[in-house]
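Coordinate analysis (summary)
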Amino acid sequence: MEGRHLTINEIKEIIPHRHPFLLIDYIEDYQPGEFAVGYKCVTYREDFFAGHFPQEPVMPGVLTVEALAQVGAVAILSMEEYKGKTAYFAGINKCKFKGKIVPGDKVRLETRIIKKKGPIGVGEAVASVDGKTVVSAELTFAIG
């Protein structure tokens, strides 16, 4: 199947997040219930850089994990049976922070759904910049 992409407005039709907490700019490819690959284009104007950290702007790791979860939510909530629902965090496991995200970075966010049982699922998530992994985690979600 050919790659499918989503614009910001199409993403907003699938997940409930909005500015300033919608942390993905576009989806490059996805397969409902299987995976999604999205991007966050980080600029110096991000609200969090004002305090994290004023002398050395770094994207907070927890927000990168949230961005990965939002990409995973696109994969799950684009399934017909979950349209209009919300995916809540149920757990974060095996999380590793391996690099910094700074202004100018284009962050690739990939979340693959590796387990589904009823309304609970697990996604294997990796954020990378220029091919180098900066965050990896196993994210558990519950559909509400």
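Structural notes, computed from the coordinates. (Residues numbered from 1 in each chain as written. Predicted model: local features only at pLDDT ≥ 70, side-chain atom pairs only at ≥ 80, totals over all residues. Heavy atoms only, no water.)

Some remarks on the overall build of the chain
Summing up its helical and strand segments, the chain has 2 helices and 6 strands in all. For 144 residues, the compact-globule estimate of 2.2 N^0.38 gives 15 Å, and the chain sits close to it at 14 Å. A principal-axis box enclosing the C-alpha atoms of the chain has dimensions of 45 × 30 × 30 Å. A burial count over the chain gives 46% of its 144 residues as buried. Excluding contacts between residues fewer than 6 apart, the proportion of contacts in the chain whose partners are at least 24 apart in sequence is 62%. In the form shown here, the chain has an accessible surface area of approximately 7,800 Å², with 54% of it arising from carbon and sulfur atoms. Taking the 18 positively charged and 18 negatively charged side chains of the chain as two groups, their mean positions are separated by 5 Å. (Helix = DSSP H or I, 4+ residues; strand = E, 2+ residues; numbered from the N terminus. Rg over C-alpha atoms; globule rule 2.2 N^0.38 Å. Buried < 20%, exposed > 50% of the residue type's maximum accessible area, 1.4 Å probe, protein only. Contact = heavy atoms within 4.5 Å. Areas by Shrake-Rupley, 256 points an atom, 1.4 Å probe, with all protein chains shown as cover. Lys, Arg positive; Asp, Glu negative; His and termini not counted. Charge placed at Lys NZ, Arg CZ, Asp CG, Glu CD.)

Overview of unusual backbone geometry
Excluding glycine, residues mostly have negative phi values, and the peptide bonds linking residues are mostly trans. Residue Pro20 is reached from His19 by a cis peptide bond, and omega for that bond is 5°. Relative to the assigned elements, Pro20 resides in the loop between helix H1 (8-14) and strand S1 (26-31). Cis geometry is found at the peptide bond from His52 to Phe53, where omega equals -10°. Relative to the assigned elements, Phe53 resides in the loop between strand S2 (35-41) and helix H2 (61-77). Phi angles above zero are rare outside glycine, and Asp130 is one such case at about 50°. Here Asp130 lies in the loop between strand S5 (120-129) and strand S6 (132-143). Owing to a relative accessible area of 80%, Asp130 belongs among the exposed residues under this scheme.

What about the sheet that holds S2?
Taken in spatial order, the 6 strands line up as S1-S2-S4-S5-S6-S3 in an open sheet, and their pairing is antiparallel. Here the strands that pair on one side only, and so sit at the sheet edges, are S1 and strand S3 (87-97). Neighbour-to-neighbour, the strand axes of the sheet open up by a mean angle of 20°, direction not taken into account. Pairing of S1 with S2 involves 5 bridges; the strand directions are antiparallel. (Pairing = 2+ DSSP bridges. Axes fitted to C-alpha atoms, helices over the stretch in contact; angles between N-to-C directions.)

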